[in-house]
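Close look at the chain arrangement
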Amino acid sequence: MSEQPNWLEIDCAALQHNARVVQAAIGNTRTLWAVVKADAYGHGATRVVQALLQAGVAHFIVASLSEGIELREALEDQSFRVMALYPPTTHAEWRVAAEYNIESVIDSLESYRQGCAVAQSLKRALPVHLEIDTGMSRLGLSAEQIMPFLREFRPDAPLSWQSVYTHFACAESNPEFTREQLHLFLRIVEQLRAAGFPRTPLHAAASAGMLTTPESLLDAVRMGLLLYGITPIELNTHPMCQQLRPALSWRAKVLSVRTIPKGQSVSYGARWRAERPTRVATLGVGYADGYPIGLTNRASIALRGKLVPQIGRICMDMLMVDATDLPEVQVGDVATLIGRDGDAEVRVETLAHLLGTTPHELTTRLKPRTRRIDTAERQGR
Ligand SMILES: Cc1ncc(COP(=O)(O)O)c(C=O)c1O
């Protein structure tokens, strides 16, 4: 058991199970690119990649070169492919990507020129993916930029094209807009191919696209959320989501228990006041660990197999719960901020919904200072 007052348990078997469920749903002919950026959505990228490699996943997506390098340096098994979503912006970044065998995104004429120049100087073909902007207005060649790109495009340039892809803006909430994006993407792909661009795998769908727009599955999916057993909030009744298992649990120890009289306040700002004599349990976790202050007086936390209300403003390293209905609670007990404790469960999706944010934001707030351990390790398996 961890010495820390709070810790994350990562269930590698759940990750592997989810990868199998997703792979079965997309079929064996489609490639599953596992999105492990932002430290695998806070789960710990090295551990997650190791677990997924064992489940047969061999394609990974990070955001930055440094995230890719971290994986290359941490893992003995180098058989996997890794793609960084940020297009390199300097020749030096292109060279680093080549050195670490990280596949790059080309998203503009400028990045195409840079990639060609560096590949020529290194005298080898560099693996690249072409991003097309169909409605995110973030990265990628827009429909208007395709012709200028094709005028400069040379089929014999020293680039090894791995895929062409786009990203959906609101696949969880607007299937019509998603289909428009998909159709625009496919029209652009036709235009590219007619001009001699190689036939590469195509991809568009992430978790929400896969659930709402099956025709967007194409040759590969870039999957984050569902692999972690978390569902886009709007889609949690989808039958596939029922098969997934959350991979993350967050626990914290009870540091202190006290009874306060009716009328006494709890925490900074005195924003919670006892309406009855109240047993307050203080947990060793706070916003510095990534538990959002916005959950103050709103979240439930599992303790001794029951859900109890969080009370008083969440502090930097501590927070309080109302344990009046659990007289047996004592110092050293373990509370569950996210995950299951007996019959009680706190879902990431619920907390995200309370905050009006996405589950992605909530788990990527989890701080590196919080130790991550394997669920199996905790259970002494
Ligand atoms: C380009 C791209 N593809 C795929 C994903 C994965 O999305 P999700 O976690 O919703 O599956 C992301 C996530 O932010 C992304 O930016």
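Residues numbered from 1 in each chain as written. Predicted model: local features only at pLDDT ≥ 70, side-chain atom pairs only at ≥ 80, totals over all residues.

1. Examining the overall build of the chain
When you go through the chain residue by residue, the secondary structure sums to 13 helices and 19 strands. Across its three principal directions, the C-alpha atoms of the chain cover 80 × 45 × 40 Å. Split into buried and exposed, the 381 residues of the chain put 45% on the buried side. Counting only contacts in the chain whose residues sit at least 6 apart along the sequence, the fraction spanning at least 24 positions is 67%. (Helix = DSSP H or I, 4+ residues; strand = E, 2+ residues; numbered from the N terminus. Buried ≥ 20, exposed ≤ 12 C-beta atoms within 10 Å, placed from the backbone. Contact = placed C-beta atoms within 7 Å.)

2. Concerning the site of the ligand
Inspection of the region around the ligand gives Val-35, Leu-85, His-167, Ala-206, Ser-207, Ala-208, Arg-222, Met-223, Gly-224, Leu-225 and His-360 as its neighbouring residues. Contributions of two or more residues to the shell around the ligand are made by helix H9 (207-212) and strand E9 (220-223). When the residues that make up the shell around the ligand are grouped by side-chain class, the tally is 6 nonpolar, 4 polar and 1 charged. (Near = placed C-beta within 6 Å. Nonpolar A, V, L, I, M, F, W, Y, C, P; charged D, E, K, R; others polar.)

3. Re the environment of Val-164
With respect to the helices, strands and loops of the structure, Val-164 is situated in strand E7 (residues 159-165). With 27 C-beta atoms counted inside 10 Å, the residue Val-164 sits in the buried group. Each C-alpha atom of the pair Val-164 and Thr-231 lies 26 Å from the other, and the pair is 67 residues apart in sequence.

4. Comments concerning the nonpolar core
Counting residues in each nonpolar core, the largest one holds 107 residues, and the members touching the most others are Ala-34, Val-36, Met-223 and Val-321. Among the elements that take part in this core, helix H1 (residues 12-26) stands out by supplying 6 residues, more than any other. There are two domains that each give this core at least three residues, and those are domain 1 (11-230) and domain 2 (248-346). Ignoring sequence-local partners within four residues, the contact set of Val-36 consists of Ala-45, Val-48, Val-49, Phe-60, Ile-61 and Val-62. (Core = buried A, V, L, I, M, F, W, Y, C linked by C-beta atoms within 7 Å. Domains from an automatic or database assignment.)

5. Remarks on the domain arrangement of the chain
The assigned domain composition of the chain is domain 1 (11-230) and domain 2 (248-346). One C-alpha centre belongs to domain 1, the other to domain 2, and the line joining them spans 41 Å.

6. Concerning the packing of H1 against helix H3 (residues 45-54)
Where H1 contacts H3, the two axes come as close as 9 Å, and the packing angle between them is 50 degrees. Taken together, the axis directions place H1 and H3 in an arrangement best described as oblique. H3 is crossed by H1, and the crossing has right-handed handedness. Across from Cys-12, Leu-15, Gln-16 and Ala-19 in H1, the residues of H3 making contact are Arg-47, Val-48, Ala-51, Leu-52 and Gln-54. Classifying every residue of the contact of H1 with H3 gives 6 nonpolar, 2 polar and 1 charged. (Axes fitted to C-alpha atoms, helices over the stretch in contact; angles between N-to-C directions. Parallel < 35°, antiparallel > 145°, perpendicular 65-115°, else oblique. Left-handed = near helix turned anticlockwise from the far one by under 90°.)

7. Thoughts on the environment of Cys-241
Within the secondary structure layout, Cys-241 lies in helix H10 (residues 239-242). For Cys-241, a count of 19 C-beta atoms within 10 Å corresponds to the partly exposed category. Sequence separation between Cys-241 and Asn-18 is 223 residues, and the spatial gap between their C-alpha atoms is 9.6 Å. If near-sequence neighbours (up to four positions away) are discounted, Cys-241 is found in contact with Thr-231, Leu-235 and Asn-236.

8. Remarks on the pairing of strand E3 (residues 59-62)
Pairing analysis gives 3 bridges linking strand E2 (residues 31-35) to E3, with the strands arranged parallel. Directly across from Trp-33, in E3, lies its bridge partner His-59. The pairing of E3 with strand E4 (residues 81-84) spans 4 bridges and is parallel. Its bridge partner being in E4, Val-62 is matched across the sheet by Ala-84. A crossover links E3 with its parallel partner E4, the connecting element being helix H4 (residues 65-74), and its sense is right-handed. (Pairing = 2+ DSSP bridges. Right-handed = clockwise from strand over helix to strand, strands pointing away.)

9. Brief notes about the pairing of strand E1 (residues 6-10)
Counting buried residues along E1, 5 of its 5 residues qualify, which places the element largely inside the surrounding structure. Burial along E1 is two-sided: the residues Asn-6, Leu-8 and Ile-10 and Trp-7 and Glu-9 are all buried. When E1 meets strand E10 (residues 248-260), the two strands line up antiparallel, connected through 5 bridges. If you follow Ile-10 over to E10, its bridge partner there is Leu-248. Note that E1 and strand E19 (residues 371-374) share 4 bridges and pair parallel. Looking at the pairing, Glu-9 lines up with Ile-373 of E19.

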